[in-house]
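Chain by chain, the residues:
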Amino acid sequence: MASIKVILWKYRKREDGSCSIAIRITKDRKPQYIHTGQYIHEKDWDTKNGIIKKSHPNSKRLNNLIQKKLSEAYATSLDEEVSKNHLSAKQIKKKVKRQSSGVYFFELATERIKRKFKEGTFSVAKSELSILYNIQEFLDLNTTIPQQKAIEDIKKRRKERISQARKGAVDVSEVLKNFAKNQSLTFSDIDMAFINRFKSFCTSYLEQKTRTVTNQLIFIRTLYNQAIKENLVDGRNYPFAGEKEKIRISSGNKIGLTKEEISKIENIKLEKDSSIWHTRNVWLFSYYFAGVRISDVLELKWSDFIDGRLYYQMNKNEKPVSLKVPEQAMNILNLYQESRKKKNDFVFPFLKKANPKNKQDMFTKMRNATSLFNKYLKRIATLCEIDKNLSNHIARHSFGNIAGDAIHPLMLQKLYRHTDLKTTINYQANFIHKEADDALEQVLNS
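Only a predicted model underlies this, so the values are computations on that prediction, with no experimental measurement involved. (Residues numbered from 1 in each chain as written. Predicted model: local features only at pLDDT ≥ 70, side-chain atom pairs only at ≥ 80, totals over all residues. Heavy atoms only, no water.)

K.L.:
Mind showing me how you'd approach the packing of helix H10 (residues 275-288) against helix H12 (residues 327-336) here?
P.N.:
At a minimum axis distance of 9 Å, the contact between H10 and H12 shows a crossing angle of 145°. As H10 runs across H12, the sense of the crossing is left-handed. Between H10 and H12, the residues in contact are Trp 277, His 278, Asn 281, Leu 284, Phe 285 and Tyr 288 and Gln 328, Ala 329, Ile 332, Leu 333, Leu 335 and Tyr 336, respectively. Here the contact of H10 with H12 is composed, by residue class, of nine nonpolar, three polar and no charged. (Axes fitted to C-alpha atoms, helices over the stretch in contact; angles between N-to-C directions. Helix = DSSP H or I, 4+ residues; strand = E, 2+ residues; numbered from the N terminus. Left-handed = near helix turned anticlockwise from the far one by under 90°. Contact = heavy atoms within 4.5 Å. Nonpolar A, V, L, I, M, F, W, Y, C, P; charged D, E, K, R; others polar.)

K.L.:
Please clarify how the environment of Lys 149 should be interpreted in this entry.
P.N.:
Inspection of the secondary structure puts Lys 149 in helix H5 (residues 147-166). Using a relative accessible area of 40% as the deciding quantity, one classes Lys 149 as partly exposed. Residues Lys 149 and Tyr 205, 56 residues apart in the sequence, show an inter-C-alpha distance of 9.9 Å. Engagement of the side chain of Lys 149 in a polar contact is seen with the side chain of Asp 153, the distance being 2.9 Å. (Buried < 20%, exposed > 50% of the residue type's maximum accessible area, 1.4 Å probe, protein only. Polar contact = N/O pair within 3.5 Å; in protein donor to acceptor, adjacent residues only side chain to side chain.)

K.L.:
Even after reading the chapter, I still don't get the packing of aromatic side chains, so can you show me in this structure?
P.N.:
The description of an aromatic ring pair uses the distance of the two centres, along with the angle that the planes make with each other. Scanning all chains against the criterion turns up 25 aromatic pairs. Plain terms: the ring middles of Phe 138 and Phe 198 are 5.4 Å apart, the flat faces sit at 70° to each other, and that makes the pair edge-to-face. Of the two residues, Phe 138 sits in helix H4 (residues 122-139) while Phe 198 sits in helix H7 (residues 192-204), which places them 60 residues apart along the sequence. Pairing Phe 350 with Phe 373 gives two aromatic rings, centres 4.8 Å apart and planes at 90°, and the pair type is edge-to-face. You can see Phe 350 sitting in the loop between H12 and helix H13 (359-383) and its partner Phe 373 sitting in helix H13, a full 23 residues away along the chain. (Phe/Tyr/Trp six-rings, centres within 6.5 Å; stacked < 30°, edge-to-face > 60°.)

K.L.:
Can you walk me through helix H3 (residues 105-119) in this structure?
P.N.:
Owing to its 3.6 residues per turn, the α-helix aligns residues three or four sequence positions apart on the same side. Between its terminal C-alpha atoms H3 stretches 21 Å, which fits the 21 Å expected from 15 residues at 1.5 Å a residue. Along H3, the residues that are buried comprise Phe 105, Phe 106, Leu 108, Ala 109, Thr 110, Arg 112, Ile 113, Lys 116 and Phe 117. Within two residues after H3, Gly 120 carries a phi angle of roughly 90°, on the positive side. (Expected span 1.5 Å × (residues − 1).)

Structure (structure tokens):
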């Protein structure tokens with residue numbers, strides 16, 4: 001069990017010579033200190049008993065305060081000993097500080113986002129950091145000014161942040177450090193009234209659609225669940241339980257291309273080795289493999305193709321995949337054979353200048369490439385006279401649309417790389433219309 005003691009911190013004295021009263025937590029011979037924020041002179045400190053002498057005018061009040069802090073530290077340490085969590089002195093210190101401060105939302109949020117950055121999941125980290133900015137905008141909202149003026153101000157600040165980030169002028173670690181200090185929101189503040197006001201703010205001021213608002217509520221719920229799991233907050237006030245806020249993810253309409261529209265994209269004449277030519281090839285390659293994510297296609301290397309099969313691991317869920325290379329996909333591979341130098345080279349050119357060992361560099365080049373694709377896919381749609389929104393993800397919808405109900409769900413589950421068959425059935429339901437169409441026709445023409 002950790003050793004806990006009140007001490008007078010004499011190493012950094014104030015200008016008047018007073019010292020900080022601190023609680024020392026020692027475990028495995030490693031000490032950590034929690035400063036109480038109270039300062040006294042050495043002459044007023046009873047080292048033997050770890051209390052303030054009666055000669056100090058506020059000794060009774062300060063000793064009660066110290067005792068309270070000491071009790072919190074003992075209780076936390078004892079809880080961890082009983083539950084056999086085997087926390088270090090540093091972890092116990094962090095938990096004591098949180099429990100005594102009311103647990104600030106931004107502190108826990110920044111710890112999670114820092115972890116995401118460290119793990120290299122930059123897309124998640126950046127989107128969650130964006131949510132923090134939105135929550136801060138909500139907390140800082142000035143309701144005395146006209147709504148349109150407030151919306152314009154929010155858009156201006158967001159535009160400036162994006163511009164600074166693109167120039168590389170933003171130190172993310174410093175941004176997170178500032179957010180971690182933000183004590184404007186505790187978990188006890190997050191009740192049903194807060195949730196309802198925040199949802200209204202997202203739709204009215206941030207002009208967000210339902211799914212975007214839902215993603216932010218999921219982030220808040222995730223952090224609240226973490227706080228409960230770590231015994232930092234009381235679960236009785238949880239705003240997402242029972243008949244309170246229920247987060248529902250709407251599927252929306254998933255519209256894919258037809259065989260005729262796919263054929264138009266395949267046959268369109270484009271200048272070889274141009275960006276739009278590469279974009280068409282990558283998109284079709286994704287479609288030929290049942291809508292493999294564009295990010296996965298970009299990371300494919302020649303070494304992933306063995307004996308006419310594709311072997312790779314999905315980025316999203318790290319599932320291993322093995323599929324026969326269709327003739328159409330092989331034709332695209334042949335277009336890039338002449339640029340192949342080593343077996344570990346990327347097939348497609350967009351990541352060739354990226355450093356595979358640098359996750360940040362890979363993420364940046366991947367993000368730039370997918371942004372470029374969406375631009376050129378719109379141009380391809382215009383050239384092919386396709387009225388649908390041609391985007392990176394529609395390759396998957398197109399495969400689902402053409403597959404319809406002709407392929408058994410179990411086989412589609414394998415092609416889609418879904419863990420749960422129910423996910424496949426729900427996804428494919430978006431593209432099976434025949435029975436409903438026949439029923440409507442029967443009623444109207446009976």
